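Below, each chain spelled out in residue letters.
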Amino acid sequence: MPLRVRLTLLFVLGTTLVLAAAGVLFYALLRTNLRNSVDANLRTRMAVLAAQVPAAADPAAQLRAYGTGPAQLLRPDGSVAASNDSAGPEPLLEPEQVATALVRPELLTSGELQEPGGDDDDARALAVPVRTGARDGVLVVATSTDLTDSAEDRVRNIMVSATAPMVALSGLAAWLLSGAALRPVDRMRRQTAAISESDSSAELDVPPTRDEIAALAATMNNLLRRLHAARARDRAFVADAGHELRTPLTNLKAELELASRPARTRDELVDAVAGATEETERLIRLSESLLTLARMDSGITAPRRLDVGDLLERATRAATGHAETRQVRLHLDADPGLGVDADPDMLRQAVDNLVANAIRHAPPGTAVDVRAGPGEAGRTVVVRVRDRGPGFPPDFLPRAFERFSRADAARARDHGGAGTSGNSGGTGLGGTGLGLAIAAAVARAHQGTATAANHPDGGAVVTLTLPAAGGSPPDR
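Computed from a predicted structure; not experimentally measured.

Rules behind the numbers
Residues numbered from 1 in each chain as written. Predicted model: local features only at pLDDT ≥ 70, side-chain atom pairs only at ≥ 80, totals over all residues. Heavy atoms only, no water. Pairing = 2+ DSSP bridges. Helix = DSSP H or I, 4+ residues; strand = E, 2+ residues; numbered from the N terminus. Axes fitted to C-alpha atoms, helices over the stretch in contact; angles between N-to-C directions. Contact = heavy atoms within 4.5 Å. Buried < 20%, exposed > 50% of the residue type's maximum accessible area, 1.4 Å probe, protein only. 1 Å grid on protein atoms, 1.4 Å probe; cavity = no way out; pocket = protein on both sides within 12 Å on 5 of 7 lines; lining within 4 Å. Points joined across faces, edges and corners; volume = space filled by probe spheres on them. Left-handed = near helix turned anticlockwise from the far one by under 90°. Nonpolar A, V, L, I, M, F, W, Y, C, P; charged D, E, K, R; others polar.

**A few points about the sheet that holds strand β4 (residues 123–132)**
Pairing is antiparallel across the open sheet formed by five strands, whose spatial order is β2-β1-β5-β4-β3. Among the strands making up the open sheet, the edge pair consists of β2 (80–83) and β3 (106–108). Recorded for the sheet is a direction-independent mean angle of 25° between the axes of neighbouring strands. In this structure, strand β1 (residues 71–74) lies alongside β2, joined through three bridges in antiparallel fashion. Each residue of the ladder has a partner; that of Leu 74, found in β2, is Val 80. The strands that helix α1 (residues 3–52) touches are β1, β3, β4 and β5 (135–144); relative to β5, the one it contacts most, it runs at about 140°.

Set out below in structure tokens:
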């Protein structure tokens, strides 16, 4: 059922209930006020007659002399002692009612009253005990309730007949109001449906109402911008991945073509096979890195409690051979008792990438520092890897963790030139620009952060900040 129809029906139902409750309350108050007015009139008449009739020599004449409403003086046995013309000769009360009235004043409705004149008109009476001479009696005054009953009936009929048009008008108003309120939503729906995959700048019109609909449109525009940005990143990533894969594939094809030429010597064939093997290994490493990034985008799959110091010790021990071949020393300084809840393979790969990247860009004879300590009042664990090379180019720092992002100097070094610390990857990535991207993805997957900077004393510093075991994620 459309939302507009549901809102209209709900409004109609609510209006009906409100009108019914208000009508019942108004009718009850009106009836009570009319009844109180009748009773007040009876008490006024009774006050005058009660002061005059008991002491009068002729009670009947006194009753006839005051007012036109029915009035009687009854004996204790219920017989009529005196009556005016409106009351008639028959007693207005039953003997039981007279007995009760001898004790206390009584207000009686038509259902309890012997109606005067024997007609079917509704009446209300007031009976009070009086003393005439040496005898007790009951003085009764009555009045017809035709006028009040007629007023009640008219009000009730008007309320009933007016309810249906008022409900219909409220339903129409609800239909028009909901249509006006939902019109921007329908416009946004049509605009959203018209957005094509190739339209990267499409946005929804934000109504100038500053209400929830405008907030929804603004939120959807933010979502569209994020989706467009993510799509652009994915396209750039696919393009970069294709570019990176094309180079080793081209080299591999060239090596195989050279190897297939006739009159090749054994040494030339061995060199061609070795080159093809090297390019194949590069393809494997690049593919594994891409799969790693895809796995990290889907989140942590097997987190468990890890000792950071133990993990860093194993990582530096494994990288010692690589460091020695480049005449670089590894220096580990980790506070004891540092724990994180993390995927061990993912976190180890991030550390390996940072250490290998630092070794790759550290000048011979220098040291790479690997440090770990608490941060943010013990709520986080901070891991820093620093080399003593030339550091990151300043214009490269903002995009250091982007996939396939490399400093120009790093690219030159990959091809044999001198270089600086660029986002060149990790162990065996050979400058593909995925090493730091993987480290940043690992940090995000663990609700942490990754930062890159240049040390004041020289060299590049990459920092991973992760939530401590049992702690909350760091502020981002």
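After that view of the structure, there is still more to cover.
**Digging into the environment of Leu 224**
Along the chain, Leu 224 falls in helix α5 (residues 212–260). Classification of Leu 224 by relative accessible area gives buried; the value is 14%. Between the C-alpha atom of Leu 224 and that of Glu 203, which follows or precedes it by 21 residues, the distance is 7.1 Å. Filtering out sequence-adjacent residues up to four positions away, Leu 224 remains in contact with Ile 195, Ala 202, Glu 203 and Leu 204.

**Focus: empty space enclosed by the protein**
The tally for this structure, following the rule as stated, stands at one cavity of 30 Å³ or more. Taken as a whole, the largest cavity holds about 60 Å³ of empty space. Lining the largest cavity are 11 residues, and of these Leu 354, Asn 357, Ala 358, Asp 387 and Val 462 sit closest to its centre. At the level of elements, α8 (344–361) and β12 (460–467) are the ones that each hand at least two residues to the lining of the largest cavity.

**Here's the deal with the pairing of β12**
Buried residues dominate β12, accounting for eight of its eight residues. The side-chain alternation of β12 yields two buried faces, one formed by Ala 460, Val 462, Leu 464 and Leu 466 and the other by Val 461, Thr 463, Thr 465 and Pro 467. Here strand β10 (residues 380–386) runs beside β12; their pairing, made up of seven bridges, is antiparallel. Bridging from a neighbouring strand, Thr 380 pairs with Pro 467 of β12. Across six bridges, the pairing between strand β11 (residues 449–454) and β12 is antiparallel. Considered in β12, the bridge of Ala 452 is made with Val 462.

**Observations regarding the packing of α8 against helix α10 (residues 435–445)**
Here α8 crosses α10 at 145°, and the two axes come no closer than 9 Å. When you trace α8 past α10, the crossing you get is left-handed. Between α8 and α10, the contacting residues are Met 346, Leu 347, Gln 349, Ala 350, Asn 353, Leu 354 and Asn 357 on the first element and Gly 435, Leu 436, Ile 438, Ala 439, Val 442 and Ala 445 on the second. Looking at the contact of α8 with α10 residue by residue, the classes come out as nine nonpolar, four polar and no charged.

**Digging into the layout of surface pockets**
By volume, the second largest pocket amounts to about 210 Å³. Contributing to the lining of the second largest pocket are Leu 19, Ala 20, Ala 22, Gly 23, Val 24, Tyr 27, Arg 156, Met 159, Val 160, Ala 162, Thr 163 and Met 166. For the lining of the second largest pocket, the secondary-structure elements that each account for two or more residues are α1 and α4 (146–194). Residue composition of the lining of the second largest pocket, by class: nine nonpolar, two polar and one charged.

**Overview of the sheet that holds β11**
Taking strand neighbours across the sheet as the criterion, the five strands line up as β7-β9-β10-β12-β11 in an open arrangement whose pairing is mixed. Both outer strands of the open sheet, β7 (329–334) and β11, are each paired with one neighbouring strand and no more. Sheet twist, expressed as the mean angle between neighbouring strand axes with direction ignored, is 15°. Of the strands in this sheet, β7, β9 (367–375) and β10 are in contact with helix α7 (residues 308–325), which crosses β7 at around 175°. In this fold α10 packs onto β11 and β12, with an angle of close to 20° to the strand it touches most, β12.

**A closer look at unusual backbone geometry**
In terms of backbone geometry, most residues other than glycine have negative phi values and most peptide bonds are trans. Even without a glycine there, the phi angle at Gln 327 is positive, about 60°. Among the secondary structure elements, Gln 327 is positioned in the loop between α7 and β7. Given a relative accessible area of 57%, Gln 327 falls into the exposed group.

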